[in-house]
Amino acid sequence: MSAKDCSHHKKSRGKLLRKIIAGILIFLLVVLITILIIWAILRPNKPRFILQDTTVYGFNATVPNFLTSSFQVTVSSRNPNDRIGIYYDRLDIYTTYRNQQITPRTAIPPTYQGHKEVNVWSPFINGNMVPISPDFSADLGSEQAAGSVFLTINLDGRVRWKVGAFVSGTYHLYVRCPAYITFGSKSNGVIVANNAVKLQFVTRCSVTV
């Protein structure tokens, strides 16, 4: 075979390889555009969270720079989408006071939420002698003595969207639920077992995805 023939075969193989690569890229581009069009048509809405109630089993801010607390909260989540499901791959719940975390994270089991479905969780949140900022410690003790403390119930996790057989990548979910805790004679709660106080809220939470 002459050098001219070898050169011709190399050029042919090069053209074929370029055509194959171009075809694969075009196919991937069409698939991506199709997914984006479907996504735009369906327009997924983020889930809606509501803090329904908080049961206070213990709250002790009398020790300087430390807080011991125990809650059980009831949080509901609704998927407002008609054709989109939500995978909650990870979901942790914890409490903050003035943006400082005052309880360890409690994990909520992973779950799938179907179209228009509502999930309700009632986890316990406990913190034993959790260090708090000295700047906040005196204020927290004074607020408890005065009969009311404003806290935030936070949920932090990872979610994925499901459209038919397609499942999206992972997104960060951050939920903030305001909780106004009252004590003593100013409490508007109901005493339940073990002298715990149950406070009804039905408060809508802010959701960021």
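In this text the structure is predicted, and so the values were computed from the model without any measurement.

S.K.: Got a minute to help me understand the overall build of the protein in this structure?
M.R.: Scanning the protein for helices and strands turns up two helices and 14 strands. At 27 Å, the protein has a C-alpha radius of gyration far larger than the 17 Å of a compact globule built from 209 residues. Principal-axis analysis of the C-alpha atoms gives the protein an extent of 100 × 40 × 25 Å. Counting all 209 residues of the protein, 35% fall into the buried class. Long-range pairs, those at least 24 residues apart, make up 72% of the contacts in the protein with a sequence separation of at least 6. When the accessible surface of the protein is split by element, carbon and sulfur atoms take 59% of a total near 12,100 Å². Within the protein, one finds 23 positive and 10 negative side-chain charges whose respective centroids are separated by 17 Å.

S.K.: Hey, could you run me through the pairing of strand 11 (residues 171-182) in this one?
M.R.: As a general feature of sheets, a regular strand has side chains that alternate between the two faces. Sheet topology places strand 9 (residues 148-163) next to strand 11; 12 bridges connect them, and they run antiparallel. Residue pairing across strands places I153 opposite C177, the latter belonging to strand 11. Where strand 11 and strand 14 (residues 206-208) come together, three bridges link them in antiparallel fashion. Across the sheet, residue Y174 finds its bridge partner in strand 14, namely T208.

S.K.: I keep staring at the nonpolar core and nothing clicks. Help me out?
M.R.: Looking at soluble globular proteins, one finds that nonpolar side chains tend to be buried together. Core analysis: the largest hydrophobic core is formed by 38 residues, its most contacted members being F49, L51, F59 and L155. Top element by residues in this core is strand 9. It accounts for seven residues.

S.K.: So what exactly am I meant to see when it comes to the environment of I181 here?
M.R.: The topology assignment puts I181 in strand 11. Accessibility expressed as a relative area gives 1% for I181, which makes it buried. Here I181 is in contact with T54, V56, G147, S148, V149, L151, L199 and F201, once residues within four sequence places are set aside.

S.K.: So what exactly am I meant to see when it comes to the UniProt feature "domain: Late embryogenesis abundant protein LEA-2 subgroup" (unreviewed entry) in the protein here?
M.R.: Taking the UniProt record as the reference, the feature "domain: Late embryogenesis abundant protein LEA-2 subgroup" (unreviewed entry) is found at residues 74-175. Here residues 74-175 runs as 13% helix and 60% strand, with 14 Å between its end C-alpha atoms.

S.K.: Looking at this model, I keep getting lost on the pattern of salt bridges. Mind explaining?
M.R.: Note on pairing: side chains with opposite charge can pair once their charged atoms come close. For the coordinates displayed, the defined rule picks out seven salt bridges. What emerges from the salt-bridge pattern is a single network uniting R90, D92, R105 and D156.

S.K.: Looking at this structure, I do not really get the pairing of strand 7 (residues 118-121). What am I missing?
M.R.: Across the two faces of strand 7 the burial differs, with N119 and W121 buried and V118 and V120 not buried at all. Relative to strand 7, strand 2 (residues 66-78) runs antiparallel, the two being bridged by four bridges. Bridged to V75 within strand 7 is W121.

S.K.: Even after reading the chapter, I still don't get the environment of R158, so can you show me in this structure?
M.R.: Along the polypeptide, R158 turns up in strand 9. Assessed through its relative accessible area of 32%, R158 is described here as partly exposed. Ignoring sequence-local partners within four residues, the contact set of R158 consists of Y87, Y88, D89, R90, T170, Y171 and H172.

Conventions adopted
Here, residues in each chain are numbered from 1, in the same order as that chain's written sequence. Local features are withheld for residues below a pLDDT of 70 in this predicted model, meaning they are given only at 70 or higher, and side-chain atom pairs are given and counted only at 80 or more; totals for whole chains, interfaces and linings count all residues. As a rule here, side-chain values cover all heavy atoms of the structure and leave hydrogens and water aside. A helix here means a DSSP run of H or I that spans at least four residues, while a strand means a run of E at least two residues long, and both kinds are numbered starting from the N terminus. For the radius of gyration, the atom set is restricted to C-alpha positions; the globular benchmark scales as 2.2 Å times the number of residues to the power 0.38. The cut-offs for exposure are 20% and 50% of the maximum accessible area for each residue type, with area from a 1.4 Å probe on protein chains only; residues under the lower value are buried, those over the upper are exposed, and the others partly exposed. When checking whether two residues touch, look at their non-hydrogen atoms; a contact exists if any pair is within 4.5 Å. Using a 1.4 Å probe, accessible areas were evaluated by the Shrake-Rupley method; residue-level cover was limited to the displayed protein chains. All tallies of charge rest on Lys and Arg as positive and Asp and Glu as negative; His and the ends of each chain are not included. For the purpose of locating charges, the reference atoms are NZ of Lys, CZ of Arg, CG of Asp and CD of Glu. Strand pairing follows a simple DSSP-based rule, namely that at least 2 bridges must link the two strands. Among buried residues, those of type Ala, Val, Leu, Ile, Met, Phe, Trp, Tyr and Cys that are joined through side-chain atoms within 4.5 Å constitute a nonpolar core. UniProt positions are given in the numbering used here, feature names are shortened, and annotations may be inferred rather than shown by experiment. Salt bridges are counted wherever a side-chain nitrogen of Lys or Arg sits within 4 Å of a carboxyl oxygen of Asp or Glu.

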